[in-house]
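Letter by letter, the chains look like this.
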Amino acid sequence: MNSPERRAIKTTIFVVLIFIVSLILFIYSVQIRKPFFTDLSEEHHQSLTGGTVLFARHWFREGIFKTGFMMIANPKSVEFNGPRERYVCCTYPPGAPIPVYLISRLIDKEATPGLVFKYNLGNHFFIAFFLSLIVFFFVLRITNKYLSAFIFALIPVLFELMSPLPLYYHQNVFFADQAVILPFVLIIFLESLRTADKKSRLLDVLEWLVILWGLLTEWLFIFVVPVLFLIKLLDGDFGKSGRAVRNIFIFFLPAVIVAVVYICQVLSQDAVGLLVKKFMLRTGLSDNGGVSFFKMFWLNYFAGGYNGAGVWLMWSSLVFLLLAVVFLMIKRRVLKNNFYLEAVYKAVSISALALLPCFLHIYFLFNHSFSHDFSALKFSVPMALLPFVFLPLIVIMSFQYYNGLKNSGSETSGGTGQNAVRLKYAPFILLALAAVYIFSFHGRYVFYFPKPADGYRAVGEFLDRNTGYEDIVFSTSYEIILNPIQLAYSMKRVYRINGLQDIIDFVKNTDLRGEYVINLFEKDKTHIREAPGLRALIAGAKKAESENMVLYKIDRRTFGKIMSEYWKKSIEGGRKPPG
């Protein structure tokens, strides 16, 4: 058995070991989150999960292509005519619910909050696992030491799976800002592999697909793409002359495709004004009640999720990275001829791709980041990779470069076999420091989980079972407005009324086409309604019941007769007739 074969087997064994350790830590993280694997809550942005469920269920029922990939809020129902009346979410590209929809298609069941929680957990595991692989393959390449690479690879797993902010958001909340983390990590992973195989067509295709996925999901990739482009340009990955033009066009093609899809959606909904308004809101430096951005984002959101020292670590990482870029620019003439300098360059490239888009994103979407603590979630990636991994490696490699220069007097001496980076005890020390740091604030995760909303699922599932397209639901004591959490369960709006006159007015003022059924819902069937005209409505109704809930169903013809009787009694009583 030759050396490459032995190396491949050894690499596979260590990757499996990383997978097993990651899985053990992940199972632990699932167990501590298990008490919070419940119904959705109205608090702490769980409406985003409701929106994901709602959009995926609409696509499942109506067809994703028939709906034009549009994230539709109102359910398909007789009182709504066309997408505009159903309200389409146009402030984000439509990619976040697509993985959930694809899974629901695969298992042939509509999405539920529980399904999204499970997918979100799987998403969390693969984020941690690929972060570890980024580190493992990089350290292995510069050291040729499997144990050192393995020990270093455990650091990002610990950070990602034990930090409070990811523990909460990668279970209970899933929409754009959470969904984009996996493609973000994957593009860093693929680009880190490219340092070993620059001409791989497979990597080209995979990067292209991940860029498309990321751009479809969230605005973070608007910053990832130019940073990645600059790295590739400096690395000469696009080639020369005409070939470079073609490769650059292919590189930016996903952005063109996503822009066309998104613009078509916005124009079809006449939502340009809304989009401009949202853009100004999210990017504008508006009055934030006297609270500074640094205090709100860094000292509140970020420090809560990654500890107060993490603020210093992240800003120090940015400064250090910029100084490293200056250092490499000074040494650019001998960069490709010195193993240590080239290793520093690759570490800086990976670090820049992990860190710079995060800073650009929060400061460009200023108010968005100021208003939502999940805007700090993306920093779990640079926190996992930089302070305890890549930055120490850059320092070690730089010292070894200067030591080699001192001993040999030449910046172009040595090869990879002779000059492999020597780490000695550094992996063990850094893993120990990272573990102490992480577990000093790990227990804060419990404060992120709110109590679930009371009764939403029971009511929603009852209404979903007993209503369809032709049903319009009214209630004197309950209401479901344009609320993604409630609609994710019910798939049906409930309109609050005071009496029969309100129903008549609704029917009169709504463009109802074809047959319809009037429904009167009561969450507590023992509740006696004294609202005018409703006793007559109930008397001619079919009835569906579950536990303490009741739904009275009156078809269009019966409703017409009741209205006529109500009209006659109104005239006889000297009252103004309805309608």
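Note on numbering: residues in each chain are counted from 1, in written sequence order. Restriction of local features to residues with pLDDT of at least 70 applies here, the model being predicted, together with a cutoff of 80 or more for giving and counting side-chain atom pairs; totals for whole chains, interfaces and linings are based on all residues. Heavy atoms from the whole structure form the basis of all side-chain values; hydrogens and water molecules are not counted.

Caption draft 1: Representation of helix H9 (residues 181-194) in the model. Secondary structure elements are defined from DSSP: runs of H or I of at least 4 residues count as helices, runs of E of at least 2 residues count as strands, and each element is numbered from the N terminus. Here, expected helix span is obtained from the residue count minus one, scaled by 1.5 Å. With 14 residues, H9 extends 20 Å from end C-alpha to end C-alpha; this agrees with the ideal 20 Å at 1.5 Å per step. With 13 of 14 residues buried, H9 is to be regarded as a mostly interior element. Remark: exposure states derive from per-residue accessible area (1.4 Å probe, protein chains only) relative to the maximum for the residue type, with buried under 20%, exposed over 50%, and partly exposed in between.

Caption draft 2: Examining a nonpolar patch on the surface more closely. A surface patch of nonpolar side chains, amounting to about 730 Å² of accessible area, comprises Ile-9, Ile-13, Val-16, Leu-17, Phe-19, Ile-20, Leu-23, Ile-24 and Ile-27. Examined against the element boundaries, Ile-24 turns out to sit in helix H1 (residues 3-33). The class of Ile-24 is exposed, set by a relative accessible area of 53%. A patch consists of residues exposed above 30% relative accessible area that lack any salt bridge, with like charges linked at up to 9 Å and nonpolar side chains (Val, Leu, Ile, Met, Phe, Trp, Tyr) linked at up to 5 Å. Each accessible area value is a Shrake-Rupley result obtained with a 1.4 Å probe; residue values ignore everything except the protein chains displayed when judging cover. Basic side-chain nitrogens of Lys or Arg form a salt bridge, by our definition, when they fall within 4 Å of a carboxyl oxygen of Asp or Glu.

Caption draft 3: Spatial organisation of the side chain of Glu-522. Within the secondary structure, Glu-522 sits in strand E5 (residues 517-522). Identification of polar contacts relies on pairs of N or O atoms within 3.5 Å, with a donor-acceptor requirement for protein atoms, meaning one able to donate a hydrogen and the other able to accept it, and with residues adjacent in sequence counted only if both atoms are side-chain atoms. A polar side-chain atom of Glu-522 sits 3.4 Å from a polar atom in the side chain of Thr-476.

Caption draft 4: Examining the environment of Tyr-92 more closely. Within the fold, Tyr-92 resides in the loop between strand E2 (88-89) and helix H4 (98-107). A relative accessible area of 7% means that Tyr-92 is categorised as buried. Spatially, the C-alpha atom of Tyr-92 lies 34 Å from that of Gly-239, the residues being 147 residues apart in sequence. Should any heavy atoms of two residues lie within 4.5 Å, those residues are counted as being in contact. Excluding its chain neighbours within four sequence positions, the residues that come into contact with Tyr-92 are Met-71, Phe-175, Ala-176, Asp-177, Glu-218, Trp-219, Tyr-262, Arg-282 and His-368. Within the local environment of Tyr-92, its side chain forms a polar contact with the side chain of Asp-177, the two groups lying 3.4 Å apart.

Caption draft 5: Inspection of the packing of H9 against helix H16 (residues 339-364) at higher detail. It is the contact of H9 with H16, at a shortest axis distance of 9 Å, that shows an interaxial angle of 155°. Classified by the angle between their axes, H9 and H16 sit roughly antiparallel to one another. Seen from above, H9 lies across H16 with right-handed handedness. Only Ile-350, Leu-353, Ala-354, Pro-357 and Cys-358 of H16 make contact with H9, whose side of the interface consists of Phe-184, Ile-187, Ile-188, Glu-191 and Ser-192. Only Asp, Glu, Lys and Arg are considered charged in this grouping, and only Ala, Val, Leu, Ile, Met, Phe, Trp, Tyr, Cys and Pro are considered nonpolar; every other residue, Gly among them, is considered polar. Partitioning the contact of H9 with H16 into residue classes produces 8 nonpolar, 1 polar and 1 charged. With axes taken as lines fitted to C-alpha atoms, and helix axes fitted only over the stretch in contact, angles between N-to-C directions fall between 0 and 180 degrees. These descriptions rest on fixed angle ranges, namely under 35 degrees for roughly parallel, over 145 for roughly antiparallel, 65 to 115 for roughly perpendicular, and the rest for oblique. Helix crossings fall into two classes, left-handed where the near helix is turned counterclockwise from the far one by less than a right angle and right-handed where it is turned clockwise.

Caption draft 6: Broad picture of empty space enclosed by the protein. Cavity and pocket criteria rest on a 1 Å grid covering protein atoms alone: a 1.4 Å probe that fits but cannot get out defines a cavity, protein on both sides within 12 Å along at least 5 of 7 lines defines an open pocket, and an atom within 4 Å of a point defines a lining residue. Grid points are joined across faces, edges and corners, and a volume is the space filled by probe spheres set on the points. Across all of its chains, the model carries 2 cavities of 30 Å³ or more by this definition. Estimates place the volume of the second largest cavity at around 30 Å³. Forming the walls of the second largest cavity are Phe-36, Thr-38, Asp-39, Ser-41, Gln-46, Asn-172, Pro-450, Lys-451 and Pro-452. Among the residues making up the lining of the second largest cavity, the classes are represented as 3 nonpolar, 4 polar and 2 charged.

Caption draft 7: Region of the structure containing the sheet that holds strand E4 (residues 494-496). A pair of strands is considered paired only if DSSP assigns at least 2 bridges between the two. In spatial order, the strands read E4-E3-E5-E7-E6; together these 5 strands make up an open sheet with mixed pairing. The outermost strands of the open sheet, each flanked by one partner alone, are E4 and strand E6 (542-546). Across the sheet, the axes of successive neighbouring strands diverge by a mean angle of 25°, strand direction being ignored. Where E5 and strand E7 (residues 549-555) come together, 6 bridges link them in antiparallel fashion. When the bridges of E7 are listed, Phe-521 appears paired with Leu-551. Packed on one face of the sheet, helix H20 (residues 456-466) meets strand E3 (471-475), E4, E5, E6 and E7 and runs near 30° to E7. Of the strands in this sheet, E3, E4 and E5 are in contact with helix H22 (residues 500-509), which crosses E3 at around 145°.

Caption draft 8: Structural view of unusual backbone geometry. Located in the positive-phi region is His-45, a residue other than glycine, with phi close to 65°. With respect to the helices and strands, the residue His-45 is situated in the loop between H1 and helix H2 (47-62). Here the phi dihedral of Met-491 falls at roughly 55°; this positive angle occurs in a residue that is not glycine. As for its position among the elements, Met-491 is in the loop between helix H21 (484-490) and E4.

Caption draft 9: The arrangement of the pattern of salt bridges in detail. Counted under the stated rule, the structure contains 15 salt bridges. Here Arg-86 makes a salt bridge to Glu-62, at a shortest N to O gap of 2.7 Å. Within this pair, whereas Arg-86 is found in helix H3 (residues 83-86), its partner Glu-62 is found in helix H2, the two being separated by 24 residues in sequence. The buried category is assigned to Arg-86, whose relative accessible area is 7%. Overall, Glu-62 belongs to the buried group, its relative accessible area being 16%. For Glu-207, the salt bridge is made with Arg-194, and the minimal N-O distance between the two is 3.4 Å. Of this pair, Glu-207 sits in helix H10 (residues 201-217) while Arg-194 sits in helix H9, and the two are 13 residues apart along the sequence. The network of salt bridges with shared partners includes Glu-191, Arg-194, Asp-204, Glu-207 and Lys-232.

The quantities given are spatial measurements derived from coordinates; they are silent on function.
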